[in-house]
Structures are given as structure tokens and as C-alpha cells.
Amino acid sequence: MKTAVLLLVAAGTAKRDEDLHALAARTRTEHRPAVARSAARAAKASRLLADHGHLLPPDLREKGQDLLNEHEFRLHAALDSANPGPALAAIEKREAGYLKAFRKLGGEGAVSKARKLPKDEERTKLRATREVLFEATGIDAEEPVWGAPFRALEALFGDGHAPMEALGVSAKFFEDGRSLTKRYHVALQPPCDCWTFGRAAVVEQARGVAESLKAPPLVEAWLDSIAADDTGKLPSVGFGVSAEDGACKLYVLNYGGNELPPLPLLDSLPQTARKPDRAPSVLVSVEWKFGDMKTQQMRQYAVEASADDVAVARHTQDERFAGDELVAALDGTFGVKQSEDIAVTAPFQYDKATTPPVVAAPLAKSGLKLKRQDGNIDSNAETDAKLAALLKAPGADAWLARSRVVRHALSNVQFGEGFVTLYRHPTVFGFVDPSSAPQHLALRNALAKNTRATRRRLDETRSSSGYLDDVTHCDEAIELFLDRAVWGANELDSTCKRDSDLAANAGTCPISCQDDVACLVVACSDCALVDVACDEAIDTAAYPELARHVGGDVDSYDDLDIEDVPAGKIVRLPCGDSGLFNTMNLWGPDGCKYPYYGFMPVDTLCDECSSMYAAREAVLDGLWDGPCNEDDPPGDDDSLTLPSNYPGCGCDCADFLRRDLSCTSESCVNVAQAYAASNTVCAGDKLRWDTTSSSTGCETYGAGSPLTGSACLDAAGAVPNATCYRTPAAISEPGFPWPWPDVCYHMQRDAALGRRASALALVGAIVMMV
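Numbering of residues starts from 1 in every chain and runs along the sequence as written. Owing to the predicted nature of the model, reporting of local features is limited to residues with pLDDT of at least 70; listing and counting of side-chain atom pairs is limited to 80 or more, with chain, interface and lining totals taken over all residues. Only hydrogens and water are set aside when side-chain values are computed; all heavy atoms of the structure are taken into account.

(A) Highlighting helix 9 (residues 199-212). Secondary structure follows DSSP: runs of H or I at least 4 residues long count as helices, runs of E at least 2 residues long count as strands, and numbering of each begins at the N terminus. A helix is expected to span 1.5 Å multiplied by its residue count minus one. Helix length check: helix 9 (14 residues) gives 20 Å between terminal C-alpha atoms against 20 Å at 1.5 Å per residue, within 8%. The rule is simple: take the accessible area with a 1.4 Å probe, protein chains only, and divide by the maximum for that residue type; under 20% is buried, over 50% is exposed, in between is partly exposed. When helix 9 is considered as a whole, its buried residues turn out to be Arg 199, Ala 201, Val 202, Val 203, Ala 206, Val 209 and Ala 210. What makes two residues a contact is simply this: any of their non-hydrogen atoms within 4.5 Å. Its buried side turned inward, helix 9 meets helix 8 (148-157), strand 2 (179-189), helix 10 (217-228) and strand 3 (236-242). Of the residues flanking the end of helix 9, it is Lys 214, one or two places downstream, whose phi is positive at about 50 degrees.

(B) How the structure looks around the packing of helix 8 against helix 9. Interaxial distance between helix 8 and helix 9 falls to 9 Å at its minimum, and their mutual angle equals 155 degrees. Looking at the two axes, helix 8 sits roughly antiparallel to helix 9. In this structure, helix 8 crosses over helix 9, and the sense of that crossing is right-handed. Each of Ala 148, Pro 149, Ala 152, Ala 155 and Leu 156 in helix 8 lies in contact with helix 9, whose residues at this interface are Ala 201, Gln 205, Val 209 and Ser 212. With axes taken as lines fitted to C-alpha atoms, and helix axes fitted only over the stretch in contact, angles between N-to-C directions fall between 0 and 180 degrees. Angular relationships are summarised with four words: roughly parallel below 35 degrees, roughly antiparallel beyond 145, roughly perpendicular across 65 to 115, and oblique for the angles in between. Crossing handedness follows the turn of the near helix against the far one: under a right angle anticlockwise gives a left-handed crossing, and clockwise gives a right-handed one.

(C) Broad picture of the pattern of salt bridges. Here, a salt bridge means any Lys or Arg side-chain nitrogen found within 4 Å of an Asp or Glu carboxyl oxygen. All told, the structure shown has 25 salt bridges when counted by the stated rule. Between Arg 123 and Asp 378 there is a salt bridge, with the nearest N and O atoms lying 2.0 Å from each other. Here Asp 378 lies in the loop between strand 9 (365-370) and helix 13 (381-391) and Arg 123 lies in helix 6 (residues 121-124), a separation of 255 residues in the sequence. Note on Arg 123: relative accessible area 9%, which makes it buried. Given the relative accessible area of 19%, Asp 378 is considered buried. Across the pair Glu 154 and Arg 130 runs a salt bridge, and its minimum N-O distance is 2.8 Å. Taken together, the residues Glu 154 in helix 8 and Arg 130 in helix 7 (residues 130-137) connect sequence positions 24 residues apart. Among the residues examined, Glu 154 registers a relative accessible area of 14% and is labelled buried. Taking relative accessible area as the criterion, Arg 130 reaches 27% and is therefore assigned partly exposed.

(D) Summary view of the side chain of Lys 249. Among the structural elements, Lys 249 can be located in strand 4 (residues 247-253). Definition of a polar contact: a pair of N or O atoms within 3.5 Å, with one able to donate and the other able to accept a hydrogen when the atoms are protein atoms, and with sequence-neighbouring residues admitted only if both atoms are side-chain atoms. In terms of polar contacts, Lys 249 uses its side chain to reach the side chain of Tyr 301, at 2.9 Å. With residues up to four places along the chain from it excluded, the contact list for Lys 249 reads Gly 238, Phe 239, Gly 240, Val 286, Glu 287, Trp 288, Arg 299, Tyr 301 and Lys 365.

(E) How the structure looks around the state of the cysteines. Note on disulfides: each one is a pair of cysteine sulfur atoms within 2.5 Å. Across all of its chains, the model carries 10 disulfides by this definition. A disulfide bridge connects Cys 527 with Cys 606, and the sulfur atoms are separated by 2.1 Å. With the S-S dihedral at roughly 90 degrees, the linkage between Cys 527 and Cys 606 falls on the right-handed side. Here Cys 606 lies in the loop between strand 14 (597-598) and helix 20 (609-620) and Cys 527 lies in the loop between helix 18 (511-524) and strand 12 (529-533), a separation of 79 residues in the sequence. Each of the two residues, Cys 527 as well as Cys 606, counts as buried. Between Cys 534 and Cys 682 runs a disulfide, and the two sulfur atoms are separated by 2.0 Å. Residues Cys 534 and Cys 682 are joined through a disulfide that is right-handed, its torsion about the S-S bond being 85 degrees. One end of the pair, Cys 534, is in the loop between strand 12 and strand 13 (570-574); the other, Cys 682, is in strand 15 (residues 681-683), with 148 residues separating them in the sequence. The pair Cys 534 / Cys 682 is uniform in exposure class, with both members buried.

Here's what the structure looks like:
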């Protein structure tokens, strides 16, 4: 069914792309560039929707499709109008606004990462639940000690939302018939850019696990180092426990070519026999026995660089143990993918104050990574039976059958003198369930590179003004609005998403959403600032470090993640009414937009001339779904109750246009020029400023430029006392209960909510051409 739907979408988008490109060829010469650009953006968005729409919840996929259809309608309408030039110019400004929103939400970098995520509708529904844990290991998640790692995973994702790829199980079998089967591993941070809840949340949960497992001081020291390393990539962090013998481990793994944090005593680890260093990807661990809070060991795991070479694996094992019969048997039956080399220190004590002598212990075990059987990552009864017969380990067949519930195929085997250990660990990450808000939150954080400690929650590390220093409070508030209204990330915080999706609320703005809109307005009032990147082409001669980013669809500074943009190419300017207008039109619930709900407040969000001038342009250029719209937008549900005198001039639009611009003949009307840092230049298509000594100054206000494009204006550009429509409800109504900021942001959010989003960037990519 899913394949059929995607094929249908692909067929429809291909036809639309063909029609728009043909339209560009038939258009009058002076309008062809604008139409061709719109056609190219529509084609890109169509491909993204067809190829990667599975990462979006169904309602957002539908919204993306609706926006594509609406874009095509508006482009045809503009060309069919008596004066297509201004209409196409307005569409171009609309596209620029959506493109800016798309880039703010993650940009092409996020989409590139999303393309690498696996597609498997069945596996996205698999969950690491308490029932799965108990069936596979016999451990109750409520058990105070041995259930602690699993409870930490639940604390991040919420009950019933943790993906199966966050859980792995293992069992150790001895020659004398003993076995250890109450063993499992959780990844609080996976080894991929596929999900994360941020450095602060991961370390917080890891500290709780360490306390429950009575970890020695070195564990605390490692977690301190990970927490403090806000300039590096958050490594994979996980815990493993073996309840029957009291063994506990903290695992840390670097990945993606990133270095490990400066973990205490890391350089004291003995080198593995086959790997002289810890690059590019090495797993290290601290291990201890529950109750022994002084003594610990460190271990280093390394995978041979060469794959599919059984000779390397046999040679590695020969150096440790007599004979290679087991290696040969495993390779003959399953195929050895890579050999795993393991080095360990002797037990030592560590108190943070002194550096103890750390020496290598005799090599006690090594391992093999097994090839996927028939390329499948799922557990397989036939394969399990072959392995059980090969090992002849008492109890192995029963464990293999019982542990199959986690759905991971056997990933690797470790062995030493008199024992063998089997592992069902995940080998592929990134199966995201569109119906799970916590999983989408984690995905968005990962695709947005939101793993740095400086990207903390809105509730913590505030400056003296009560807001974050490195992220403007308006930027943060916009993201929080998206989490509440678009994703429904935390219903304890807001039920806007759920309420606006109810059929009974069609055409209305639920109270919960009205509160969220009001919170957005409060946070972005008083000329609150947002960060905007210059849309000029990247100068790799001036910034050679940016050369690695350039390519594909990344060619200008605003294609980059904001933290990668040079300071001189960023302007921090007021959000203003134009920012509110664009945010609400793009991401607001349908019932919270015009003509159903008036989201524009009586007072302007910024009363400075340049901001109000930009807002007037933005409102008048809002071709549809806005208070100044004179047409009935396509796709509206005509069965819903519409206000009297609609379509036409909205009363909010008339009131807005009557506002005094607070401009004089000396006032600068280029908001970027007014706010850009000194001695910087941006020569973009839509954003321009020059604050160098050679600058000729700012464009000043002139009363001679007429206002056009609204049913609220007469031929002279004035705002007559014409009949207008009033929305059934509005934020501007007398007595509207405006919230205090601490009410808006009172919830302790359990993860950094993404300086940029990710899967949502797919919708942003779709709408960037609208």
C-alpha cells in the first residue's frame, strides 16, 4: 500500500513539474526567469515529498501536497492576471520567505542527512518496551538496580516510544554449563545522526543510571568530560549490565570521523593488537562490579579496518588462543565480516585527585562481527538453530529463541578461554515512526546537529534578562511554537496540535492554540531579535573552511546551519510583524489563521520604522491566507462558516495599514542595514547591507511609493472606511487574556527542542516555492 501511494505521488509530481517547466517556456520573455525559478523549486520540493515524505506524519505530508497544488494554482493565476509583473514579484517574495523558513528549520543539510536514514515501515513500529526487556532477559524494568538503564531510556523517549534500535541483549555461555542471560545494553545516544535528545538530557540520564549502579568515580569523571565538551560532537553513550554477576559498563563511542571527548585516563588505555590508535571509530568503556565504588577497569574495542577477510580474523585469534577451529566454523556457516580486537586494563582505583598507575591486563577475549544473512538485519530462527548446533553451548538454543523478541539478528560473537558470548545488538539506526512525537523530536534534534551543550533548554542557563545568551528568546519561542502547534511534542506542555486536529474544531482556533499564539507574540514583541543569514554566494576564498559545505544545493550563506555562518554574514534584527505573519501563515494551525482567527495584535511587535516598513510589505505581499487577501484561496473548505464580507478586506488589514509608520524622511527603511554589525557587507538577492566606511548609507523613507495589492486600498493607495470582514475570534479582542512569559515557558522540557528542525525541513523544502 505504501509503495502504491508513493508511486502515485511520484507520478503526480512528475506531471506537475512537466507542466510548470512547459509553462515557463510559454511565458512572456520578461517573466520567464521568475516562472523558471518557481518551477525548479517546485520540482525539488516534489522530489523531496515523494522520496522522503515517509519521515513526516500523514497530516504534514498532506499539507505539503496541498502547498504544491496551491503554488501551481497561484502561478497560473498570476500569469493570467492583467498585470502579471507585480503578482510574480509578490510570489517571489513569498518564495523567499518560505525559503528562509526552510533554511531556518534545517536546510538542505538536514535533508541530506534524512536521505541516509533507512526506510522500513514495519521496523519503525518496533518498540523497546518493558515487556520486550522482560521476555528477552527476565529483568523487570522496575528493579531498582538492573532496570535503571532501561528507565533512563524511557525517561528520554516516554513510555512506549523508545525505538527497538536503542536496546540490545547478550548472553554468556561457559564450558562448564553455566550461563549469564540477564544482560542487556541501552543506547542513550546512538552512533549516528538519527536521533538525540541533546547533550544535557543524555548526560543527566546517564548520571542517574551511574548512581543507581553505584558507579566508581571514573564514570562520573567521564560524564563530566562529555558534559563539558560542548565544542565537539556528542559521542554515542550507553550502559550495559549483567545482573547475575553484577557487571556494569559505561560505553562511549566516537563516530562519523569525530574525536572522542578528552576522557580522563583515556590515554592510559593499552593499544589493541591490531589498531595502533583510536581513530576513526573505537568503543571504550569503564566497567565495574555493582557495589564496588572504588575499583574499575577500562576496555577498548577496535574493529579491523579490513572487512570480509577471514585470514585477518584467524590471525588475530591465533595470537590469543590455540587453534582457529571456531573462527573457521563461524566463517564457513555465517561468514566473518570483521574481527573485533579487545584490550583491557588491570583493575585499578581512582579518586579524581590522583592519577593511578594503569597497566594492561592479559588479553582475555576477542570477537567476530558476523555478516548479515541474506542481507537481513532481522533475527532468523534458521540461522539461530545453526549457530546453536555449532556452539554446542548448554542453554544457547533456548536463549536464542527467547531473545528473538528484540528482532535484531546475531551481530557478533566474543570468546575467550572457556566461554563464548552472543550479542543481538542493532546494526542499523534511524527507523523513525511518524506517529511518535518523541521520536520525531529526537530525529529533528539530530538532523539539526542539536547536540551541543550551548543549545540548552529554554528553561535553563538564562542570562540576567531571563533569556538565553546564544539563542535569541524570539528564535527559541518560534521553535517552541512549532513543537506545540505542528508536532505536538509534549502534551503536558500544550495540546494545541491534538486540539487543532479534531474535526469538531475545523475552522476554529482552540483555546490551547490561542494561548500558544499569544506566547509567541509576547516573546517576539518589543522589537525582539532573530538571527538571519545573508543570502549572498559563499566566498570560499575569504572563508576556506566553508569549502567543504559548498555543493549541490548549498551555495549561499543562508544555506548553512546558522552556527556555520561567519559572524559578518549574520544580522540580528527584529522579528516584527513580518516575522509573526510569516510564521503563522506557514506553520500556524489552519483554524488559527485568517479568515478564521485574527492573530495580529493591536500593537505592533516593533514600532521602529524599518521593521514596520518591512512588515507592511510582508502583509501586502501575503497573496493568500492573510488579512489583506481579496481572493478566496484554493483548497479552503467552503463548508466551514466564513465571516461576512469575506473574501475582501480584513478589518485587521485595514487597521494595520492605518498605523503610523513612525518614519521620517531621514529614517532608514532597510531593516538589515539598520541592524547589521559595523564594517560588514551582504550583497544578497533579498538581503543587503553595507556598514563599511565606503557605504553610501541607508535607503531612507519616502512618501512617494504607493501601496498596492490589497482590497483595503483605493486607487490612490489610501485606506478608506470600506466594509471589511472580522474574524470570528481574534487576539486583538478587548479582554483577551494575555499570558505572562513565565506561564508560556513554565514546563521543564526534557530535551533541547532543536535550534532547527529536521524532518520538518522536508515540509519547509516543499513550501519554499509557494
